[in-house]
Amino acid sequence: MTQTATTATPAQSATPAATPAGALPRLPQRLHHYAFTVKDQEANRVFWEDVIGVPLTATWCERAYNGTVGREIDYCHTFYTLEDGGALAFFQFADEDAYEALKTLRPEMGQHFAMLVDEATYDAIQQRIVAAGLPLRETDHGYCKSIYTQSPDGLKVEFTIDHPEVEAINAMRLKDCHTELKRWLAGDHRTNNNDRHGITT
Ligand SMILES: [Fe+2]
């Protein structure tokens, strides 16, 4: 949710200090919500609720100070809830200048999030996307297989099925995640995924 002027804490630096404190005693439990700015809540509702089939579960009508535009603004904040209780959240601002100031730039350029689905849901969503005439791309990543589409605001969304041997794959990757990160950052850009098929856009 949007932080208000009274709770916002200015960032000290974009780069964290190298003071590793280890993993948290308890990890964050799940995605609570992912928030995204939209121009038209109704067009967004049609996409999520009518086309994809994820239901609208809350609409908060709010007024709060926003530091970017420097005044109180009216906005509508909607939530669409996934099976585990996590939600997709969307803001529409009452004033056009607030939308222009706060909209996500080039959301279609790579930034995206993925939702885990089962095979039947994957097929159903694929059929819904095709029936709605929306863009559709499928990529087999090896460790998972995904379809991608875009919301009316250009938000790229991915629905993915894990490989049947996902636990073994995850265990293999967990063993070398730090060494592989160091290797790549040091300039050795050889791939370690030989099972990937498809393009990245
Ligand atoms: Fe992805």
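Residues numbered from 1 in each chain as written. Predicted model: local features only at pLDDT ≥ 70, side-chain atom pairs only at ≥ 80, totals over all residues.

Undergrad: Whenever I open this one, the overall build of the protein confuses me. Can you help?
TA: Check the secondary structure of the protein and you find 4 helices and 8 strands. Secondary structure elements in the protein, listed N-terminal to C-terminal, are β-α-β-β-β-α-β-α-β-β-β-α. Within the span of the protein, comprising 201 residues, buried residues form 12% of the whole. Here the contacts in the protein between residues at least 6 apart in sequence split such that 57% fall between residues at least 24 apart. (Helix = DSSP H or I, 4+ residues; strand = E, 2+ residues; numbered from the N terminus. Buried ≥ 20, exposed ≤ 12 C-beta atoms within 10 Å, placed from the backbone. Contact = placed C-beta atoms within 7 Å.)

Undergrad: Is there a simple way to explain the sheet that holds strand β7 (residues 144-150) in this structure?
TA: Whether parallel or antiparallel, the strands of a sheet pair through hydrogen bonds between backbone atoms. Taken in spatial order, the 4 strands make up an open sheet running β5-β8-β7-β6, and their pairing is mixed. Every interior strand has two partners, whereas the edge strands, β5 (112-116) and β6 (137-140), have only one. The sheet shows a mean angle of 25 degrees between the axes of neighbouring strands, taken without regard to direction. As judged from the 4 bridges shared by β6 and β7, these two strands associate in the antiparallel manner. Looking at β7, one finds that Thr139 is bridged to Ser146. (Pairing = 2+ DSSP bridges. Axes fitted to C-alpha atoms, helices over the stretch in contact; angles between N-to-C directions.)

Undergrad: Just to check I follow, could you spell out helix α1 (residues 41-52) for this structure?
TA: Because an α-helix packs 3.6 residues into every turn, residues spaced three or four apart end up facing the same way. Every buried residue of α1 is accounted for by Asn44, Phe47, Trp48 and Ile52. Each buried residue of α1 lies within a common arc of 80 degrees when the element is viewed along its axis, so the set occupies one face. Within α1, the exposed residues directed more than 90 degrees away from the buried face are Glu42 and Asp50. Buried residues in α1 make contact with β3 (71-81), β4 (87-93) and α3 (119-131). In the stretch just after α1, Gly53 is the one whose phi turns positive, near 100 degrees. (Arc of directions from axis to C-beta.)

Undergrad: Help me understand the nonpolar core in this model?
TA: Nonpolar side chains tend to gather and get buried jointly when the protein is soluble and globular. One finds Trp48, Phe90, Phe91, Phe93 and Ile125 to be the most contacted residues of the largest nonpolar core, which totals 20 residues. Broken down by secondary-structure element, the contributors of at least two residues to this core are α1, β3, β4, α3 and β8 (156-162). Top element by residues in this core is β4. It accounts for 4 residues. Residues from two domains meet in this core; each of domain 1 (31-103) and domain 2 (104-188) gives at least three. Discounting residues that sit within four places of it in the chain, Phe91 has contacts with Ala35, Thr37, Val38, Tyr75 and His77. (Core = buried A, V, L, I, M, F, W, Y, C linked by C-beta atoms within 7 Å. Domains from an automatic or database assignment.)

Undergrad: How should the pairing of strand β2 (residues 56-66) be read in this particular structure?
TA: On a regular strand, each side chain points to the face opposite its neighbour's, so the side chains alternate between the two faces of the sheet. As judged from the 10 bridges shared by β2 and β3, these two strands associate in the antiparallel manner. Opposite Cys61, over in β3, you have Cys76 as the bridge partner.

Undergrad: I tried to follow the sheet that holds β3 on my own but got confused; where do I start?
TA: Spatially, β1-β4-β3-β2 is the arrangement adopted by the 4 strands of the open sheet, whose pairing is mixed. Strand pairing shows two members of the sheet lacking a second neighbour, β1 (33-37) and β2, which therefore form its edges. Geometrically, the sheet is characterised by an average inter-axis angle of 25 degrees between neighbouring strands, direction not taken into account.

Undergrad: Even after reading the chapter, I still don't get the pairing of β7, so can you show me in this structure?
TA: From the end of β6 to the start of β7, which pair antiparallel, there are 3 residues, and Gly142 there has a positive phi angle of about 90 degrees. In this antiparallel pair of consecutive strands, β7 and β8, the connection spans 5 residues, and Gly154 shows a positive phi of 85 degrees.

Undergrad: Is there a simple way to think about the environment of Gly142 in this case?
TA: Looking at where Gly142 falls in the secondary structure, it is placed in the loop between β6 and β7. Placed 52 residues apart in sequence, Gly142 and Asn194 show a C-alpha to C-alpha distance of 7.7 Å. Not counting residues within four places of it along the chain, the set of residues in contact with Gly142 comprises His163, Asn193, Asp195 and Arg196.

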